[in-house]
Amino acid sequence: MSYRLVYRRVCPRSFLPFCRFQSTLVVAEHNNDKLTPITLSAITAAKKLGGDVPCLVAGTDCAKVAQEVSKVLGVKTVLIAQNDAYKGSLPEELTPLILATQKQFNFTHICAGASAFGKNLPPRVSAKLDVAPISDIIEIKAPDTFVRTIYAGNALSTVKCNDNVKVFTVRGTSFEPTEVDGGSATSEEVAVSASAGMSEWLEATLTNSDCPELTRAKVVVSGGRGLKNGENFKLLYDLADKINAAVGASRAAVDARYVPNDMQVGQTGKIVAPELYIAVGISGAIQHLSGMKTIVAINKDPEAPIFQVQSSTLHFHVASIHHVHCVNLARFAWLGRCNHLQLFSLTRLCLR
Amino acid sequence: MSRVLVGVKRVIDYAVKIRVKPDHSGVVTDGVKHSMNPFCEIAVEEAVKLKEKKFIKEVVAVSCGPTQVTETIRTALAMGCDRGIHVEVSGKDYEAMGPLQIAKIFAALAKKEEASLVILGKQAIDDDCNQTGQMTAALLDWPQGTFASEVTIDGEKVKVVREIDGGLETIKISMPAVLTADLRLNTPRYATLPNIMKAKKKKIANMKPADLGVDMVSRVEVLRVDEPPTRLAGVKVETVDDLVAKLKANGTI
């Protein structure tokens, strides 16, 4: 049943603007096999707004993902659009689809996770609707009031959006992902839009990694310029393996091509919010540190900005462990299974 | 392929520690060092390189804001842009100005200047929105090559390698198009003294949003700006044992 039908029965015409039934369309991000976890955080945010939560699954082969979404607790309807034109999730192709869906259902809100996909597509949709998108929200105060970070997380801005449809993206680390269990959404096919034909997806080169995903990890180990080259990152990968951490890097390390771009942590890379962040050989520029809880910094430069950060950080000045015996390192209990030589090598490296 | 528009934004310098105003209405900007948004520098560099490779004939630097933004346009001219356009926005309009209004201005200018490409920075380091390029493309109904780490002109099309969450993605889009520059697209040049002197003679045209038929009304209000939750002071430890003890006391392990 369309939402227009529902509120026409409930509200006299003169009251229509005040009686608009709240519903938030979540645009799912997926790879035609699995739903991307950040979509589950977007669904949590959508549920917080109250009202219905339909979810749009558009792609070249939607059945499996649509099935997964239908089990997500709180999703009311799965809207499915399958077409070869949606290969690569090109925003030029998905925008007309979302606009048509909006015209049909008149959602009050449209959202997606603030991933590369979510940053690319919703602003295009909102400009077509002549509304201002609100990007990367960390909190919802009211259906029209959101909190987001500015200046690399050094300030929080509370904004009120008076547009008739709110388009926003959701920071994955700020909203717990909804359970993929207990939901029983209905499915509905939506009409596929004609191809815009102005863009073509060619290929993707993705880094294969067995490490936990950076934006979801509880523990992150990051390397910076202090590691000197890409080979030395092996020490971090080995450490991360032992303690089930994700591996990240500072912008400087990525710029110097020690590691690929998808490992960059910070304002212009990935936002991480681990319980424990270990920064090895990272100077600690403001833009790198937003979102971190407990920070352990290992650096031979006592003047490095990371040591000036007002935070619950434990500043481990590397030079002073130069004389610590291996037996002390072995007692680094929380690293438990980590070979003490690995940690020793790591710190020796930073001292060079 | 004749003309490229490049957007440049004047922002608080990236190295400055910002302060929130005591009345929570915004961030302190008076008397604070400002410079060109780092992503805009990369956008300018890419446009100038395209001109040096003879893919385009003219690069026009555009900025929206009060008089001070002309300094930022001059920097772009010193880097190699041919001329500038200053769209005057000041007072309450400037405070309320957001990516949607900027996108409308750029879309109008792109049509007026018959640009083949609009190149913007991926995001501004003050509002961290990452929206303007995408919205400009939507308003023009042009394709968008966002978060570009490599741009290659191939006849009437542009091949763009984009930085995405899992790695890199390659797309091919037709021109005219909007591109947004990511960090590793290039390394911006420093303006040399002779170029800075030459830039003083280059033209900067002035206009108002109304001249372009753009309505600056914004339906987003900033209710308040706050500092993030206060962090506790850091602690220096000398040995691994101390570190482990502190992490245990902290409840982290």
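Cut-offs applied
- Residues numbered from 1 in each chain as written.
- Chains lettered and ligands numbered in written order.
- Predicted model: local features only at pLDDT ≥ 70, side-chain atom pairs only at ≥ 80, totals over all residues.
- Heavy atoms only, no water.
- UniProt positions renumbered as here; feature names shortened; annotations may be inferred.
- Buried < 20%, exposed > 50% of the residue type's maximum accessible area, 1.4 Å probe, protein only.
- Helix = DSSP H or I, 4+ residues; strand = E, 2+ residues; numbered from the N terminus.
- Pairing = 2+ DSSP bridges.
- Axes fitted to C-alpha atoms, helices over the stretch in contact; angles between N-to-C directions.
- Contact = heavy atoms within 4.5 Å.
- Domains from an automatic or database assignment.
- Buried area = accessible area lost by both parts, 1.4 Å probe.
- Salt bridge = Lys/Arg side-chain N within 4 Å of Asp/Glu carboxyl O.
- Polar contact = N/O pair within 3.5 Å; in protein donor to acceptor, adjacent residues only side chain to side chain.
- Nonpolar A, V, L, I, M, F, W, Y, C, P; charged D, E, K, R; others polar.
- Lys, Arg positive; Asp, Glu negative; His and termini not counted.
- Parallel < 35°, antiparallel > 145°, perpendicular 65-115°, else oblique.
- Left-handed = near helix turned anticlockwise from the far one by under 90°.

Under an unreviewed UniProt entry, the name given to chain B is Electron transfer flavoprotein subunit beta, and the source organism is Oncorhynchus mykiss. If you open the UniProt record of chain B and go to Sequence similarities (unreviewed entry), you find "Belongs to the ETF beta-subunit/FixA family." One UniProt comment on chain B, placed under Subcellular location (unreviewed entry), says "Mitochondrion matrix".

Identification of chain A as Electron transfer flavoprotein subunit alpha from Oncorhynchus mykiss is taken from an unreviewed UniProt entry. The Sequence similarities (unreviewed entry) field of the UniProt record for chain A holds the comment "Belongs to the ETF alpha-subunit/FixB family." Regarding chain A, the UniProt comment filed under Subcellular location (unreviewed entry) reads as follows: "Mitochondrion matrix".

Visitor: Help me out: how do you make sense of the pairing of strand β4 (residues 58-65) of chain B in this one?
Guide: A regular strand places its side chains so that they alternate between the two faces of the sheet. Residues and elements named next belong to chain B. Burial within β4 is extensive, with eight of its eight residues counted as buried. Of the two faces of β4, the one lined by E58, V60, V62 and C64 and the one lined by V59, A61, S63 and G65 are each fully buried. Bridge count for strand β1 (residues 3-7) against β4 is five bridges, and the pairing is parallel. Bridge pairing in β4 places L5 opposite V60. Where β4 and strand β5 (residues 83-88) come together, six bridges link them in parallel fashion. Paired with G65 across the two strands is E88, which belongs to β5.

Visitor: Sorry if this is basic, but what is going on with unusual backbone geometry here?
Guide: The general pattern is negative phi for most residues beyond glycine and trans for most peptide bonds. Residues and elements named next belong to chain B. The omega angle of the peptide bond from M175 to P176 is 5°, so this bond is cis rather than trans. Inspection of the secondary structure puts P176 in the loop between β9 (167-174) and β10 (177-181). In this structure, K54 is a non-glycine residue whose phi angle is positive, near 70°. Along the chain, K54 turns up in the loop between α1 (38-52) and β4. Its relative accessible area of 73% is what places K54 among the exposed residues. Positioned with a positive phi, E114 is a non-glycine residue whose angle comes to about 50°. Along the polypeptide, E114 turns up in the loop between α4 (99-112) and β6 (117-121).

Visitor: Would you mind showing me how to read the sheet that holds strand β2 (residues 54-59) of chain A here?
Guide: Whenever strands of a sheet pair, they do so through backbone hydrogen bonds, lying parallel or antiparallel. Reading across the sheet, the 10 strands line up as β9(A)-β3(A)-β2(A)-β1(A)-β4(A)-β8(A)-β5(A)-β6(A)-β7(A)-β12(B) and stay open at both edges, with mixed pairing between neighbours. Here the strands that pair on one side only, and so sit at the sheet edges, are β9 (186-189) of chain A together with β12 (220-226) of chain B. Strand-to-strand, the axes of this sheet are offset by a mean angle of 35°, without reference to chain direction. Inspection of the sheet shows strand β3 (residues 77-82) of chain A paired to β9 of chain A by four bridges, in the parallel sense. Each residue of the ladder has a partner; that of L79 of chain A, found in β9 of chain A, is E188 of chain A. Of the strands in this sheet, β1 (24-27), β4 (109-113), β5 (134-142) and β8 (166-170) of chain A touch helix α3 (residues 37-48) of chain A, which is tilted by about 175° from β1 of chain A.

Visitor: Hey, could you run me through the environment of R225 of chain A in this one?
Guide: As for its placement among the helices and strands, R225 of chain A is situated in the loop between β11 (219-223) and α8 (233-243). Residues R225 of chain A and T44 of chain A, spaced 181 residues apart in sequence, show a C-alpha to C-alpha distance of 37 Å.

Visitor: It is not clear to me how the domain arrangement of chain A should be interpreted in this structure. Could you clarify?
Guide: Interfaces are often described in size by the accessible area the parts lose on coming together. Residue and element names in this part refer to chain A. Splitting chain A by domain gives domain 1 (20-189) and domain 2 (214-349). Contacts between domain 1 and domain 2 engage 12 residues on the former and 10 residues on the latter. On the domain 1 side of the contact with domain 2, A152, R171 and T173 bury the most area, a combined 59% of that side's loss. Across the domain 1-domain 2 interface, the total number found is zero salt bridges. Applying the counting rule to domain 1 against domain 2 returns one residue pair in polar contact (both at pLDDT 80 or more). In the side of domain 1 that touches domain 2, the residues fall into five nonpolar, five polar and two charged.

Visitor: Even after reading the chapter, I still don't get the UniProt feature "domain: Electron transfer flavoprotein alpha/beta-subunit N-terminal" (unreviewed entry) in chain A, so can you show me in this structure?
Guide: When the UniProt feature table is mapped onto this chain, "domain: Electron transfer flavoprotein alpha/beta-subunit N-terminal" (unreviewed entry) is found at residues 24-205 of chain A. Along residues 24-205 of chain A, the helical share is 26% and the strand share 32%, with 33 Å between the first and last C-alpha atoms.

Visitor: What's the story with the environment of D82 of chain B in this structure? I'm lost.
Guide: Residues and elements named next belong to chain B. Along the chain, D82 turns up in the loop between α2 (69-79) and β5. Given a relative accessible area of 24%, D82 falls into the partly exposed group. Residues D82 and K57 lie 25 residues apart in sequence; the distance between their C-alpha atoms is 9.3 Å. Look past the residues within four positions of D82 in its chain and what remains in contact with it is K51, K57, E58, V59, L77 and K202. At 2.5 Å, the side chain of D82 and the side chain of K51 are in polar contact.

Visitor: Can you walk me through the side chain of D262 of chain A in this structure?
Guide: Residue position: D262 of chain A is located in the loop between α9 (251-255) and β13 (276-280). Although D262 of chain A is buried, it makes no salt bridge; K270 of chain A carries the closest opposite charge, 4.8 Å away. Residues within four places of D262 of chain A in sequence aside, it is in contact with T207, L214 and K270 of chain A together with I164, D165, G166 and G167 of chain B.

Visitor: Got a minute to help me understand the sheet that holds strand β11 (residues 204-207) of chain B in this structure?
Guide: Pairing is mixed across the open sheet formed by 10 strands, whose spatial order is β10(A)-β9(B)-β8(B)-β7(B)-β10(B)-β6(B)-β1(B)-β4(B)-β5(B)-β11(B). The sheet is open, and its two borders are formed by β10 (199-206) of chain A together with β11 of chain B, each paired with just one other strand. Geometrically, the sheet is characterised by an average inter-axis angle of 30° between neighbouring strands, direction not taken into account. Here seven bridges tie β10 of chain A to β9 of chain B, and the two strands are oriented antiparallel to one another. The residue bridging W201 of chain A from the neighbouring strand is I171 of chain B, located in β9 of chain B. Its contacts with the sheet put α2 of chain B on β4, β5 and β11 of chain B, and the angle it makes with β5 of chain B is roughly 165°. Set on the sheet, helix α5 (residues 132-140) of chain B makes contact with β6, β7 (144-154) and β10 of chain B; between it and β10 of chain B the angle comes to about 180°.

Visitor: Help me out: how do you make sense of the packing of α4 of chain B against α5 of chain B in this one?
Guide: Relative orientation and spacing of two packed helices are given, respectively, by the angle between their axes and the distance between those axes. All names here are of chain B. Contact geometry of α4 with α5 gives a least axis separation of 8 Å together with a crossing angle of 50°. With respect to α5, the element α4 is oriented oblique. For the pair α4 and α5, the sense of crossing is right-handed. Counting all contacts with α4, which are made through P99, L100, I102, A103, K104, F106, A107, A110 and K111, the residues of α5 involved are T132, M135, T136, L139 and L140. For the contact of α4 with α5, the per-class residue count stands at 10 nonpolar, two polar and two charged.

Visitor: Would you explain the pattern of salt bridges in this entry?
Guide: Pairing is possible between side chains that carry opposite charge, provided their charged atoms lie close to one another. Enumeration over the complete set of coordinates arrives at 27 salt bridges over all chains. The residue D33 of chain A makes a salt bridge to K64 of chain A at a minimum N-O spacing of 2.5 Å. In this pair, D33 of chain A sits in the loop between β1 and α3 while K64 of chain A sits in helix α4 (residues 63-70), placing the two residues 31 residues apart along the sequence. In this structure D33 of chain A comes out as partly exposed when scored by relative accessible area, which is 35%. K64 of chain A sits in the exposed class, given a relative accessible area of 52%. Across the pair D126 of chain B and K9 of chain B runs a salt bridge, and its minimum N-O distance is 2.9 Å. A residue pair is termed long-range when its members are at least 10 positions apart, and D126 of chain B in the loop between β6 and α5 and K9 of chain B in the loop between β1 and β2 (10-12) qualify at 117 residues. Take D126 of chain B: its relative accessible area is 12%, and that puts it in the buried class. K9 of chain B sits in the partly exposed class, given a relative accessible area of 29%. One connected set of salt bridges, linked through shared partners, spans D130 and D163 of chain A together with K104 and R219 of chain B.

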